[in-house]
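Each chain, letter by letter, is given below.
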Amino acid sequence: MTNLIPKNHPRAHSLYVRERLVNAFDDGLVAKEGLMAHGRGEAFDYLIGEKTSKSAKNAIKAAAFALVSAKHPVISVNGNIAGLCPREIIELSKVANAKIEINLFYANEKRKQTILKVLHKNGAKEILGVDKKNSTRISGLDSARRIVDRDGIYIADVVLVPLEDGDRTIALKKAGKKVITFDLNPLSRTAQTADITIVDNVVRGIRELIDACEKTQKKKLRNMPFDNKKNLAKSISEIRNYLTRRARIA
Ligand code: PTJ
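Note that the structure is predicted; figures quoted are calculated from it, not measured.

Engineer: So what exactly am I meant to see when it comes to the site of the ligand here?
Structural biologist: In the vicinity of the ligand, 24 residues are found, and the nearest of them are Arg 40, Phe 105, Tyr 106, Arg 111 and Asn 201. Separating an oxygen atom of the ligand from a side-chain N or O atom of Arg 111 is a distance of 2.6 Å. A distance of 2.8 Å is found between a nitrogen atom of the ligand and a side-chain nitrogen or oxygen belonging to Asn 201. Protein chains bury 93% of the 750 Å² of accessible surface belonging to the ligand in isolation. Where the shell around the ligand is concerned, the elements lending two or more residues are helix 2 (32-47) and helix 4 (79-84). No other element matches helix 2, which puts six residues into the shell around the ligand. Of the residues in the shell around the ligand, the class split is nine nonpolar, eight polar and seven charged.

Engineer: What is the right way to look at the nonpolar core in this model?
Structural biologist: A general trend in soluble globular proteins is that nonpolar side chains are found buried together. Core analysis: the biggest nonpolar cluster contains 49 residues, and Leu 92, Leu 119, Ile 180 and Leu 209 have the highest contact counts within it. Looking at this core, the element that brings in the most residues is helix 3 (residues 54-69), giving nine residues. Not counting the four nearest positions on each side in its chain, Leu 92 is found in contact with Ile 75, Leu 160, Ile 206, Leu 209, Ile 210 and Cys 213. If you look at the next biggest cluster of nonpolar residues, it comprises 12 residues, including Ile 153, Val 159, Ala 171 and Val 179.

Engineer: Whenever I open this one, the side chain of Asn 185 confuses me. Can you help?
Structural biologist: By the secondary structure assignment, Asn 185 is in the loop between strand 6 (178-182) and helix 8 (189-193). Within polar-contact distance, the side chain of Asn 185 engages the backbone nitrogen of Leu 187 at 2.8 Å. Contact partners of Asn 185, with chain neighbours within four places excluded, come to Phe 44 and Ala 191.

Engineer: Would you mind showing me how to read the sheet that holds strand 2 (residues 99-102) here?
Structural biologist: Note: strands within a sheet are paired through backbone hydrogen bonds, in either parallel or antiparallel orientation. Taken together, the five strands give an open sheet; going across it, the order is 2-1-5-6-7, and neighbouring strands pair in parallel fashion. The open sheet terminates on both sides in strands that have one partner only, identified here as strand 2 and strand 7 (196-198). Each adjacent strand pair in this sheet contributes to an overall mean axis angle of 20 degrees, direction not counted. As defined by bridge partners, strand 5 (residues 158-160) adjoins strand 6 across three bridges and the pair is classed as parallel. Looking at strand 6, one finds that Val 159 is bridged to Val 179. Seen against the sheet, helix 5 (residues 86-95) touches strand 1 (73-77), strand 2 and strand 5 and runs at an angle of roughly 170 degrees to strand 1.

Engineer: Just checking my understanding: could you explain the pairing of strand 6 for this structure?
Structural biologist: For a regular strand, the rule is simple: side chains alternate between the two faces of the sheet. For strand 6, the buried fraction is high: four of the five residues fall into the buried class. One crossover worth recording links strand 5 to the parallel strand 6 by way of helix 7 (residues 166-174), and it is right-handed. Pairing between strand 6 and strand 7: three bridges, direction parallel. Counterpart to Ile 180 in the pairing with strand 7 is Ile 196.

Engineer: What is the right way to read the packing of helix 5 against helix 9 (residues 202-217) from this model?
Structural biologist: The angle between the axes and the distance between the axes are what describe a pair of packed helices. For the pair helix 5 and helix 9, the least separation of the axes is 9 Å and the interaxial angle reads 15 degrees. The orientation of helix 5 with respect to helix 9, classified from their angle, is roughly parallel. The hand of the helix 5/helix 9 crossing is left-handed. Between helix 5, through Glu 88, Ile 89, Glu 91, Leu 92 and Val 95, and helix 9, the contact on the second element is made entirely by Ile 206, Arg 207, Leu 209, Ile 210, Cys 213, Glu 214 and Gln 217.

Criteria and cut-off values
Residues numbered from 1 in each chain as written. Predicted model: local features only at pLDDT ≥ 70, side-chain atom pairs only at ≥ 80, totals over all residues. Heavy atoms only, no water. Near = heavy atom within 4 Å. Polar contact = N/O pair within 3.5 Å; in protein donor to acceptor, adjacent residues only side chain to side chain. Areas by Shrake-Rupley, 256 points an atom, 1.4 Å probe, with all protein chains shown as cover. Helix = DSSP H or I, 4+ residues; strand = E, 2+ residues; numbered from the N terminus. Nonpolar A, V, L, I, M, F, W, Y, C, P; charged D, E, K, R; others polar. Core = buried A, V, L, I, M, F, W, Y, C linked by side-chain atoms within 4.5 Å. Buried < 20%, exposed > 50% of the residue type's maximum accessible area, 1.4 Å probe, protein only. Contact = heavy atoms within 4.5 Å. Pairing = 2+ DSSP bridges. Axes fitted to C-alpha atoms, helices over the stretch in contact; angles between N-to-C directions. Right-handed = clockwise from strand over helix to strand, strands pointing away. Parallel < 35°, antiparallel > 145°, perpendicular 65-115°, else oblique. Left-handed = near helix turned anticlockwise from the far one by under 90°.

Worth remembering: the numbers are spatial, not functional.
In structure tokens, the structure reads:
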């Protein structure tokens, strides 16, 4: 697709990200509903000032500790994540020693195979969630997301579920797993239910999470107490403060 966004456009980065997602949709990675999910995310990204906030940085540190110290960490991949940051998923899986599992809300075998190809092209070796013989179910879920890999999400103690639906977050928690999510909407059910919610655009936050995992591995970061509810309240007050500042300028 031709790129029509001028480099000096004030919102160039967000517009490039949008274009990347649209291209990924055209390439068969992203569901139609994924475009809508992205639009909702963009709206919240404006409200946080399109920057990684202090509260997001807190959550990223906590997430890095959880991933690095987990026994069976798993990164769950959907169409949007595969379209937006395939290379970073693989980098993260390496620094956190985490498995990668494709798990789609809008199940579609063709899309799953396209995602699989893109992950392989970006350097992934083992990818779970594609071998039907190795699949099983987690209880309490009606959507296709209940079907998980026996060697992946099923046995995981920590699962990273970026851009998630609320029902699965609840089901994963009921199954005794620690859930980490990226969600730009601090009020979504997933954001409110997860153990660690990173209120940031996954495109920005995942790089910070990779760095934090590296620092944690090298013992350059200390583990800190983390309370998700308090941190979400902080992220909501950061939005309020940002809007107040903007309103003064306008
Ligand atoms: O590929 P599939 O079939 O698994 O489907 C994936 C989608 C994203 C369509 C599916 O999981 C879905 O419908 O998700 P929801 O319920 O729309 O939730 C998406 C959440 O992610 C919303 O709260 C958005 O605000 C948020 N979001 C959207 N884009 C981003 C984001 N959060 C972080 N970074 C983003 N880039």
